[in-house]
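# A closer look at the structure
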Amino acid sequence: MSLNLQELPPNPMELFNSWYDQAKSNPSILDPNKMCISTINKEGFPELRWVLMKYHDLEKIRFFTNIKSAKASQIELNNKIGVNFIFRYEDYFRQIRITGYADACDTKHADDYFATRSRGSQIGAWASNQSEKIYDRSTLDRQYNYYEDKFKDKTIPRPQHWSGYNIVPNKIEFWQSGKHRLHDRFVYERTLDQTSWVIYRISP
């Protein structure tokens, strides 16, 4: 199985959606929406962590987080972002590398997604001051117990410090493993006027 330029769609998100749907339908691939995102800290170093993609369409992908977290603070300073997906099948690998720009999603999308989370996760969003130092685990447990009691028998609202980010790609590489390490690699880059994509193959 190989990739051919002539068979690639003009919009990379069409190929992204196809690869993702295939991964999602394969029971051997756990958490196909898991993605590694890279942001730049104030010292100029990249920082990476795994998050879960919660929405995607032909223009963007979206994840949710505490907007007082380290990654959110870094996005506020520099919204350029890197993303990596890896799908491991029985006899081959696929990788999708994305660079683009991250911007806050609107509050309705954040509210709608927050309402679908488990009650425990909703309480956890209130209890955790993400990325801040804490004395010990019991501090976190006390916070959780406090909000569990506060919202007992009540609908839990989305905290103002919890929301989402849309990532709009400007470059996407699709990598598929091949025999003798002669992998297929295709890159999509936005044109200068941002209206279409240039597609080219690169050497493995």
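For the structure itself, consult the block above.
The paragraphs below set out a description of the structure included in this document. Nothing here was measured: the structure is a model prediction, and the numbers come from that model. (Residues numbered from 1 in each chain as written. Predicted model: local features only at pLDDT ≥ 70, side-chain atom pairs only at ≥ 80, totals over all residues. Heavy atoms only, no water.)

### Details of the pattern of salt bridges
The condition that has to hold: Salt bridge, as used here: a side-chain nitrogen of Lys or Arg that lies within 4 Å of a carboxyl oxygen of Asp or Glu. Comment: elements are numbered from the N terminus, with helices defined as DSSP H or I runs of at least four residues and strands as E runs of at least two. Using a 1.4 Å probe on the protein chains alone, a residue whose accessible area is under 20% of its type maximum counts as buried, one over 50% counts as exposed, and one in between counts as partly exposed.
The full count for this structure, using the stated rule, is eight salt bridges. The salt bridge involving Lys108 is made with Asp112; its shortest N-O contact spans 2.7 Å. Of this pair, Lys108 and Asp112 both sit in helix H3 (residues 107–116), four residues apart, which is roughly one turn of the helix. Residue Lys108 is classed as exposed on the basis of its relative accessible area of 54%.

### With respect to the environment of Glu76
Along the polypeptide, Glu76 turns up in helix H2 (residues 70–77). For Glu76, a relative accessible area of 60% translates into the label exposed. Once the C-alpha coordinates of Glu76 and Asp103 are considered, the two residues, 27 residues apart in sequence, prove to be 8.5 Å apart.

### Description of the packing of helix H4 (residues 119–127) against helix H5 (residues 137–150)
What counts here: Axis definition: a line fitted to C-alpha atoms, over the contacting stretch in the case of helices. Angles run 0 to 180 degrees between N-to-C directions. An angle below 35 degrees is read as roughly parallel, one above 145 as roughly antiparallel, one from 65 to 115 as roughly perpendicular, and any other as oblique. Left-handed describes a crossing whose near helix is turned anticlockwise from the far helix by less than a right angle; the clockwise case is right-handed. Residue contacts follow a heavy-atom distance rule, with two residues in contact if any of their heavy atoms lie within 4.5 Å.
In the contact formed by H4 and H5, the axes pass within 9 Å of each other and the chain directions differ by 120°. Our classification of the angle between H4 and H5 gives oblique. Relative to H5, H4 is oriented so that their crossing is right-handed. Along the contact surface, H4 presents Gly120, Ile123, Gly124, Trp126 and Ala127, while H5 presents Leu140, Gln143, Tyr144, Tyr147 and Glu148.

### Side note on the packing of aromatic side chains
Here a ring pair, both rings aromatic, is described through the centre-centre distance and the interplanar angle of the planes. So the rule is basically this: The criterion for an aromatic pair is that two Phe, Tyr or Trp rings (for Trp, the six-membered ring) have centres within 6.5 Å, with stacked assigned to planes under 30 degrees apart, edge-to-face to planes over 60 apart and tilted to the rest. Counting as a charge over the ring demands two things of the Lys NZ or Arg CZ atom: a distance within 6 Å of the ring centre and an angle within 35 degrees of the ring normal.
Applying the stated criterion across every chain, the model contains 16 aromatic pairs. A centroid spacing of 6.2 Å and a plane angle of 45° characterise the contact between Phe85 and Phe87, whose relative ring orientation is tilted. What makes Phe87 buried here is its relative accessible area of 0%. Here Tyr89 and Tyr92 contribute two aromatic rings whose centre-to-centre distance is 4.7 Å and whose plane-to-plane angle is 15°, an arrangement assigned as stacked. Per residue, the accessibility class of Tyr89 equals that of Tyr92, and both read buried. An aromatic cluster is built from Phe16, Tyr20, Phe85 and Phe87, whose rings are joined through pairwise contacts. The cationic tip of Lys34 hangs over the ring face of Trp50; the distance from NZ or CZ to the ring centre is 5.1 Å.

### Considerations on the nonpolar core
What counts here: Only buried Ala, Val, Leu, Ile, Met, Phe, Trp, Tyr and Cys residues count toward a nonpolar core, and they belong to the same one when joined by side-chain atoms within 4.5 Å.
Within the largest apolar cluster, 33 residues are counted, with the highest numbers of intra-cluster contacts made by Phe16, Met35, Ile61, Phe63, Phe85, Phe87 and Ile96. For this core, the secondary structure elements donating two or more residues are helix H1 (12–24), strand E1 (34–40), strand E4 (61–66), H2, strand E5 (80–88), strand E6 (93–104), strand E7 (162–176) and strand E8 (184–190). The residues touching Phe87, leaving out its near neighbours within four places in the chain, are Trp19, Tyr20, Ala23, Ile29, Pro32, Tyr92, Phe93, Arg94 and Ile96. Counting residues in hydrophobic clusters, the runner-up holds 13 residues, among them Cys105, Phe114, Tyr147 and Trp162.

### Considering unusual backbone geometry
Despite not being glycine, Arg181 has its phi angle at roughly 60°, a positive value. Inspection of the secondary structure puts Arg181 in the loop between E7 and E8. Take Arg181: its relative accessible area is 64%, and that puts it in the exposed class. A positive phi angle, near 65°, is found at Gln194, a position not held by glycine.

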